[in-house]
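Tertiary structure, described
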Amino acid sequence: MTISYKWLSEYLPVIVDPERLSRILTSIGLEVESMTNYEEVKGGLQGLVIGEVLSTEKHPNADKLTLTKVNIGGAEPLQIVCGAPNVAAGQKVVVATVGTTIYPTTGEPLTMKVAKIRSVESYGMICAEDEIGLGTSHAGILVLPSDAKIGTPAPDYFQPYEDVVYEIGLTPNRMDAMSHWGVARDVCAYLSHHDKKEIKPKLPNGNGFKVDITSLNIDVKLENDNACPRYSGISITNVVIKDSPKWLQQKLKAIGLRPINNIVDITNFIQHETGQPLHAFDADQIAGKKIIVKNLPQGTSFVTLDEKERKLSAEDLMICDEKEGLCIAGVFGGLHSGVSNKTKNIFLESACFDSITIRKTSFRHGLRTDAASRFEKGTDISATVNVLKRAAILIKEICGGEIASGIVDIYPNQKPKTEIAIKWHFIKKLSGKNYHPDAVKDILNSLGFETLKEGIDELRVAVPYHKPDISLPADLVEEIVRIDGLDNIEIPEAITITPAVEENYATEVYREKVATYLAGQGFNEMMTNSITNAAYFSEEELQSMVKMLNSLSSELNVLRNSLFETSLEVVAHNLNHKNNSLRLFEFGKSYSTSGSAKYNETENLCITITGNKNEDNWKHKSNPSDFYFLKGTVDAVLKSLGITPDTIEVVEVPKLDNHIVYKLNNQIIGGAGEVKKKILDKFSIKQPVFFASLNWAVLATIAAQQTKAVKELPKYPSVQRDLAMIVAKELAWEQVQQSVQKIKLNKLQDIKLFDIFESEKLGEGKKSVAVNFTFLDEEKTLTDKEIDSWMGKIMTTLEKDLQAEIRK
């Protein structure tokens, strides 16, 4: 939400400087995310001055250049070379002197220097309007009226509009603060409470409204009063469509809106002033002079203002005439019913629409308009008529014309105010602060609440219509604490709590253990969105994925079926910001469906590695990460959980090369591999990425079921033996492990591969592998005879199973 300081100050009865106002807004829950200076003309015309052309003569070395003498009020006139065809003696002009920086309407800033143009020195520039940001014309220099005073600084002459603009981070429930009017109400409530005097906002109203004639009556019929509980409108004839006055354009530009014409600008102005969206129809385009608020049949075609044909849902509320739809209610106008340069008569709509209906329609058609964003949060149902009067008065003042009908106000089921009773002790309990009853009442009254009854231990209030989110006693406490200032919440000396005891805490314990280990190894934890882009997936994958019915955008429309794609998004983002060496992990959920109403949710742990394992330093050169680094990390995570996979198998998958899966009890508990290049290309990643995914739900369950035991360190030494053998080049290490493990040597503690050697001398299709075996008996010292016997069994098995040739 964008708020203009000058605009807001018009509603404040006291002057509050911009810095203090920023602190107040943040203190009352309207967090100021940014505070910037706005300049209607970039640079504010600083350094430019009004001058008079004293004389002109032809440049001696150029036909299209003119030598001028310009008086800017200094001791001597300036010599300036000018290329404009319209320069002439006696003109009042804008001069950029040496050292001044000008900011063109388009292009980069330019600082004036003494220049030699075709051998003649020039001490500045006579400016065209586009060269200093005052317009777009470059037909010639800007010629001012003859009464312009020589030597006047350009900022004083043109008085460009300047302002301070706040970007406020509104929470979804704060529809009451989606306008300058609403923010002014909160600021005055804060000032009243802290300055100990009543300060009321100077709110605009419809005083002075009157009907001129009744020549254009538009009938209104509500066929769906659930989706539109109140509809108000008025007719205005003989308006003149033209540009808005300067003050109105300046206000809209300051908050980032582009002026269009006076009628549209007024509706935008009213929306940002009061929070109530308006819509202006060309009354001559309303067939039968009837407005009907209803739903049209499913699939009805409707062309919106952006010239796109849309197929309507039966749930979309429409504003129609006797023939067809004119507007998607509360969301977007139609192509032919809006105000154009030919419009003479208008029908102005001010309505209250059901927030859920508007939100669904807005997302269904991908139309995220300012009006929809307000209606979907809820608007003040009591304000439609007053806002309409305010707008009608402005239209008469700016656009001319006559109010040609009484106000049509269809409000079939008047909404009662919400009443809330709150206990005094509840306020203290929830806020932690002992508020005086008078302070509570003053705060609530300043926000528009009405005191209905006050008792010894209870206060009953009626909630104003502009706060539809307030329904509970806790909501009232929030309002009180907000205006008192969130920074003023007292911190008690002691806090009394009841410790919570969780039954199934083991999962979180193991999660913390794994996260701590990975962080200690230099990994960073990432948190990604569970909603991702369907474009990443094949049609086959999408069949089992959960699709969003009302997606936030076309790029966030399915729930992820793994953490793979969202991890690559993080990698791509970091690489674009020159973070080239990454070690990342995430605990997150993936989702799938069988196509029926059954949905599956799985907790996963993913590990993503790219770049170097270590950076260059004085002692070591950098080494790139590889698949084995990833595998070692996964093995270490499993070991930290006390889990040893039964098997590790190579399995081909569409998105990973060298993909292995870990199995325990015939169940896949994880997988790891190198991301395929074609996948990396989709994310514009140009370096290898290694990815592993573990089924955390299964791992945590297995880890929790294990019996914890303390084991004494062995008293006797272990014995190691090495063995080298020649095997087939395509032989996998896993086959060596499985062959040795099937012998079931109880004293064999570990088996490691420590060398691979390939050479033509070994024979075609052969390689040499060196393996280390560790033996340990916890009850006695092993003898050479025992170890030789076991090594003999190992060599015999390897020769038989793998056709290995033992190297002596």
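Quick notes on the rules
- Residues numbered from 1 in each chain as written.
- Predicted model: local features only at pLDDT ≥ 70, side-chain atom pairs only at ≥ 80, totals over all residues.
- Heavy atoms only, no water.
- Helix = DSSP H or I, 4+ residues; strand = E, 2+ residues; numbered from the N terminus.
- Rg over C-alpha atoms; globule rule 2.2 N^0.38 Å.
- Buried < 20%, exposed > 50% of the residue type's maximum accessible area, 1.4 Å probe, protein only.
- Contact = heavy atoms within 4.5 Å.
- Phe/Tyr/Trp six-rings, centres within 6.5 Å; stacked < 30°, edge-to-face > 60°.
- Lys NZ or Arg CZ within 6 Å of the ring centre and 35° of its normal.
- Pairing = 2+ DSSP bridges.
- Axes fitted to C-alpha atoms, helices over the stretch in contact; angles between N-to-C directions.
- Core = buried A, V, L, I, M, F, W, Y, C linked by side-chain atoms within 4.5 Å.
- Left-handed = near helix turned anticlockwise from the far one by under 90°.
- Nonpolar A, V, L, I, M, F, W, Y, C, P; charged D, E, K, R; others polar.
- Salt bridge = Lys/Arg side-chain N within 4 Å of Asp/Glu carboxyl O.
- Polar contact = N/O pair within 3.5 Å; in protein donor to acceptor, adjacent residues only side chain to side chain.

**Side note on the overall build of the protein chain**
Scanning the protein chain for helices and strands turns up 20 helices and 43 strands. Over its C-alpha trace the protein chain gives a radius of gyration of 38 Å, far above what one expects of a compact globule, namely 28 Å for 808 residues. Taken over 808 residues, the protein chain has a buried fraction of 47%. Summarising the internal contacts of the protein chain: among those between residues at least 6 apart in sequence, 69% fall at separations of at least 24.

**Quick look at the packing of aromatic side chains**
Scanning all chains against the criterion turns up 12 aromatic pairs. Ring centres of Y536 and F537 lie 6.4 Å apart, and the angle between their planes is 70 degrees; on these two criteria the pair is classed as edge-to-face. Relative to W790, the ring of F775 lies with its centre 5.6 Å away and its plane at 25 degrees, an arrangement referred to as stacked. On the criterion of sequence distance, the pair formed by F775 in strand 42 (residues 766-775) and W790 in helix 20 (residues 784-802) is long-range, its members being 15 residues apart. Judged by its relative accessible area of 15%, W790 is buried. One aromatic cluster in this structure is built from W7, W247 and F269. Here the guanidinium or amino end of K6 rests over the ring plane of Y161, the centre of that ring lying 4.8 Å away. When the ring centre of F363 is taken as origin, the NZ or CZ atom of R368, which lies over that ring, is 4.2 Å away.

**Considerations on the sheet that holds strand 26 (residues 419-423)**
Reading across from one edge, 26-28-27 is the order of the 3 strands in this open sheet, with antiparallel pairing throughout. Bordering the open sheet on either side are strand 26 and strand 27 (450-454), each of which pairs with just one other strand. Strand-to-strand twist in this sheet, taken as the mean axis angle between neighbours without regard to direction, amounts to 25 degrees. Of the pairings in the sheet, the one linking strand 26 to strand 28 (residues 458-462) comprises 5 bridges and is antiparallel in character. By the bridge assignment for strand 28, A421 is matched with R460. The sheet strands contacting helix 10 (residues 424-431) are strand 26, strand 27 and strand 28, and the helix crosses strand 26 at an angle near 75 degrees. Those strands touched by helix 11 (residues 437-446) are strand 27 and strand 28, and its axis lies near 10 degrees from that of strand 28.

**A look at the nonpolar core**
Among the nonpolar cores identified, the biggest contains 73 residues, and L25, Y166 and I395 are the most heavily contacted of them. When residues of this core are assigned to their parent elements, the largest contribution, 8 residues, is made by helix 9 (residues 384-399). Dropping the residues within four chain positions of it, L25 is found in contact with L30, E31, V32, Y166, I168, V183 and V187. If you look at the next biggest cluster of nonpolar residues, it comprises 35 residues, including I218, C327, F353 and A372.

**Focus on the packing of helix 13 (residues 506-520) against helix 16 (residues 627-640)**
Running from N to C, helix 13 and helix 16 cross one another at 145 degrees; their axes reach a closest spacing of 10 Å. Helix 16 is crossed by helix 13, and the crossing has right-handed handedness. On the side of helix 13, the interface is formed by K513, V514, Y517 and L518, while helix 16 contributes T633, A636, V637 and S640. The residue inventory of the contact of helix 13 with helix 16, partitioned by class, reads 5 nonpolar, 2 polar and 1 charged.

**Some points on the pattern of salt bridges**
Across all of its chains, the model carries 45 salt bridges by this definition. A salt bridge links E603 to R511; the shortest N-O distance between them is 3.4 Å. Residue E603 is found in strand 33 (residues 599-610), and its partner R511 is found in helix 13; the two are separated by 92 residues along the sequence. Here K711 makes a salt bridge to E778, at a shortest N to O gap of 3.1 Å. Residue K711 is found in the loop between helix 18 (696-705) and strand 40 (719-728), and its partner E778 is found in the loop between strand 42 and helix 20; the two are separated by 67 residues along the sequence. On the accessibility criterion, E778 (43% relative accessible area) is partly exposed. Within this structure, R174, D176, D186, K467, E479 and R482 form a network of salt bridges that share partners.

**Structural notes on the pairing of strand 14 (residues 219-222)**
The alternating pattern of strand 14 places V220 and L222 on a buried face and D219 and K221 on a face that is not buried. With 4 bridges joining them, strand 14 and strand 17 (residues 290-295) adopt parallel strand pairing. Across the sheet, L222 pairs through a bridge with V293, a residue of strand 17.

**Quick word on the side chain of E273**
Relative to the assigned elements, E273 resides in helix 6 (residues 262-274). A distance of 2.7 Å separates the side chain of E273 from the side chain of R390, its partner in a polar contact. Excluding its chain neighbours within four sequence positions, the residues that come into contact with E273 are W7, Y11, S179, H180, W181, P204 and R390.

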